[in-house]
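If you want the building blocks of each chain, they are given just below.
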Amino acid sequence: MKQETIDKVLKFREERNWKQFHNPKDLVLSLNLEASELLEVFQWSGADLECWDKIDKIKEELADVLNYCILIADAYKLDMDQIVLDKMKGNERKYPVEKAKNSSRKYTEFV
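Since this is a predicted model, take the numbers as computed values, not measurements. (Residues numbered from 1 in each chain as written. Predicted model: local features only at pLDDT ≥ 70, side-chain atom pairs only at ≥ 80, totals over all residues. Heavy atoms only, no water.)

Trainee: Account for the environment of Asp48, with residues named and values stated.
Mentor: Tracing the backbone shows Asp48 in the loop between helix 2 (24–42) and helix 3 (55–75). There is a polar contact of 2.8 Å between the side chain of Asp48 and the backbone nitrogen of Cys51. (Helix = DSSP H or I, 4+ residues; strand = E, 2+ residues; numbered from the N terminus. Polar contact = N/O pair within 3.5 Å; in protein donor to acceptor, adjacent residues only side chain to side chain.)

What follows is the structure in structure tokens.
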């Protein structure tokens, strides 16, 4: 994510003096609530696995999820790019291409 975008989210919070309310516990609870709102977009969609007709709502709820991720990362002074890259390194070890390609199995199921 661009630093400019991150800075805009943080500036929005600072201008409203909301950081005082943004402890990690409440941020994570809010993230979970927003993720549930994103999930709700797909509720009762039946065979429609993509819900393109609801893309505006998907974008809105996904933005809320991402905003809370930014705020959580800021609370812990984490570099979002770095933590994603670190996670990808671990995933590459757990899911080597020769075992994971074309498979939806969890890494613990690889023989």
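Trainee: I'd like to hear about the side chain of His22, residue by residue, with values.
Mentor: Tracing the backbone through its elements, the reader meets His22 in the loop between helix 1 (3–15) and helix 2. Filtering out sequence-adjacent residues up to four positions away, His22 remains in contact with Arg13, Leu27 and Leu71. (Contact = heavy atoms within 4.5 Å.)

Trainee: Report on the nonpolar core, specifying residues and quantitative values.
Mentor: Ile6, Val9, Leu10, Leu27, Ile70, Leu71, Ile72, Ala73 and Met80 together form the largest nonpolar core, which totals nine residues. Contributions of two or more residues to this core are made by helix 1 and helix 3. The greatest single-element share of this core, amounting to four residues, is contributed by helix 3. Excluding anything up to four places from it in sequence, Ala73 contacts Leu78 and Met80. (Core = buried A, V, L, I, M, F, W, Y, C linked by side-chain atoms within 4.5 Å. Buried < 20%, exposed > 50% of the residue type's maximum accessible area, 1.4 Å probe, protein only.)

Trainee: Outline the packing of helix 2 against helix 3, listing residues and values.
Mentor: Each packed pair of helices is defined by two parameters, the angle between the axes and the distance between the axes. Their axes nearest at 9 Å, the elements helix 2 and helix 3 cross at an angle of 165°. Classified by the angle their axes make, helix 2 and helix 3 are roughly antiparallel. Note on packing geometry: the crossing formed by helix 2 with helix 3 is left-handed. Of the residues in helix 3, those touching helix 2 at Pro24, Leu27, Val28, Ser30, Leu31, Glu34, Ala35, Glu37, Leu38, Val41 and Phe42 are Lys57, Ile58, Glu61, Leu62, Asp64, Val65, Tyr68, Cys69, Leu71, Ile72 and Ala75. (Axes fitted to C-alpha atoms, helices over the stretch in contact; angles between N-to-C directions. Parallel < 35°, antiparallel > 145°, perpendicular 65-115°, else oblique. Left-handed = near helix turned anticlockwise from the far one by under 90°.)

Trainee: Break down helix 4 (residues 80–94) for me, with residues and values.
Mentor: The end-to-end C-alpha distance of helix 4 is 21 Å, a good match for the 21 Å that 15 residues give at a rise of 1.5 Å each. The opening residue of helix 4 is Asp79, an N-cap whose side-chain oxygen sits 3.0 Å from the backbone nitrogen of Asp81. (Expected span 1.5 Å × (residues − 1).)

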